[in-house]
Amino acid sequence: MEPFSIPLETIYFYALIISGVITVLYVLFADVFHFHGAGEGLDFLNPVLIFAFVTILSASGYLFEKLTSIHYLLILGISAIIAFMLVTLLNVFVLVPVSRAEESLVYKESDLQGRVGTVITPVPADGYGEVLIESTSGRIAKPAKSFDGDSIPNGTRVLVVQVKNGVLEVTVYQQLENFTL
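Residues numbered from 1 in each chain as written. Predicted model: local features only at pLDDT ≥ 70, side-chain atom pairs only at ≥ 80, totals over all residues. Heavy atoms only, no water.

Asker: Pulling in residues and values, what's your account of the overall build of the protein?
Answerer: Helix and strand counts for the protein stand at three helices and five strands. Reading the protein from its N end, one meets helices and strands in the order α-α-α-β-β-β-β-β. Residue burial in the protein is summarised as follows: out of 181 residues, 24% are buried. For the protein, the computed accessible surface area is about 12,700 Å², with 63% contributed by carbon and sulfur atoms. (Helix = DSSP H or I, 4+ residues; strand = E, 2+ residues; numbered from the N terminus. Buried < 20%, exposed > 50% of the residue type's maximum accessible area, 1.4 Å probe, protein only. Areas by Shrake-Rupley, 256 points an atom, 1.4 Å probe, with all protein chains shown as cover.)

Asker: Before we move on, could you go through the sheet that holds strand β5 (residues 167–172) and cite the residues and values that matter?
Answerer: Spatial strand order, β1-β2-β3-β5-β4: five strands in a closed barrel with mixed pairing. When the angles between neighbouring strand axes are averaged without regard to direction, this sheet yields 55 degrees. Relative to strand β3 (residues 138–146), strand β2 (residues 129–135) runs antiparallel, the two sharing seven bridges. Residue pairing across strands places serine 135 opposite glycine 138, the latter belonging to β3. (Pairing = 2+ DSSP bridges. Axes fitted to C-alpha atoms, helices over the stretch in contact; angles between N-to-C directions.)

Asker: Now, about helix α3 (residues 72–100): what can you tell me, with residues and values included?
Answerer: Taking 1.5 Å of rise per residue, 29 residues should cover 42 Å, and α3 covers 40 Å from first to last C-alpha, within 8% of that figure. Remark: the principal bend of α3, roughly 40 degrees, maps to asparagine 91. If you check which residues of α3 are buried, you get Ile75, Ser79, Ala83 and Val87. (Expected span 1.5 Å × (residues − 1). Bend = angle between axes of the 7 residues up to and from the residue.)

Asker: Please provide a residue-by-residue account of the pattern of salt bridges, values included.
Answerer: Per the stated rule, a full pass over the model turns up two salt bridges. A salt bridge links arginine 139 to glutamate 134, with the shortest nitrogen-to-oxygen separation between them at 4.0 Å. Given the relative accessible area of 62%, arginine 139 is considered exposed. Its salt-bridge partner being lysine 145, residue glutamate 169 comes within 3.8 Å of it at the nearest N-O pair. Placement of glutamate 169 in strand β5 and of lysine 145 in strand β3 is noted, with a sequence separation of 24 residues between them. (Salt bridge = Lys/Arg side-chain N within 4 Å of Asp/Glu carboxyl O.)

Asker: How would you summarise the environment of asparagine 154 if you had to cite specific residues and measurements?
Answerer: Position of asparagine 154 relative to the elements: it lies in the loop between β3 and β4 (157–164). On a C-alpha basis, the gap between asparagine 154 and proline 122 in space is 4.7 Å, while along the polypeptide they are 32 residues apart.

Asker: Let's hear about the pairing of β2: which residues, and what values?
Answerer: Relative to β2, strand β1 (residues 116–121) runs antiparallel, the two sharing three bridges. By the bridge assignment, valine 119 is partnered in β2 with valine 131. From the end of β2 to the start of β3, which pair antiparallel, there are two residues.

Encoded structure:
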C-alpha cells in the first residue's frame, strides 16, 4: 500500500528520523522548559515514553516492511506490540527508578546542627581542628572549633552545636544511659 503515493518504508523511515531527533532534543532540553509529563497519575503520558513509542514503532515497522512480505496492517500491529512492550520495560526499569532517586546530595550548613561526628584532627582550646560527619549519602569533613573552649582529642565523638561561617562549633557528645525499671 502506498498512501499519498509514498511507499510505507519511506513513511516509517521519515517517522523514525523525526521521532528520534525529537526524542534526543527532548531529553537534552526538557529541564530547560520544566515540562515533566502530564501530571500525577498519568505517567504513561510522559513525553519520553510517547517519543520512544513512536521511534520504536517506526523502526520496527521499517524493518518489517523492508525485510518481510507481511500485510501492512499486521506489520503495524506487530510493531505496536513490540513498541508497547519495550516502552513498558523502559518505564518500569529506567524512568520510574530514576524519578524516585535522590535528586541531589547537597546539604545546607544549618542541616549539620545537632549531628554527631568524630574528631579527626584534634581541636585545641583556642584553635581549629577537623570533624568528620557520616551519613547515608557520604562523609563530610569540616573545620571545627570548641564551643566550650575546651581542647578535644582525636577520635572523640562530638555534637555540632552551631555552624558559623563554615566552621562547626562542637562540644563533647555525652550519650545518655538507658535505665530500665
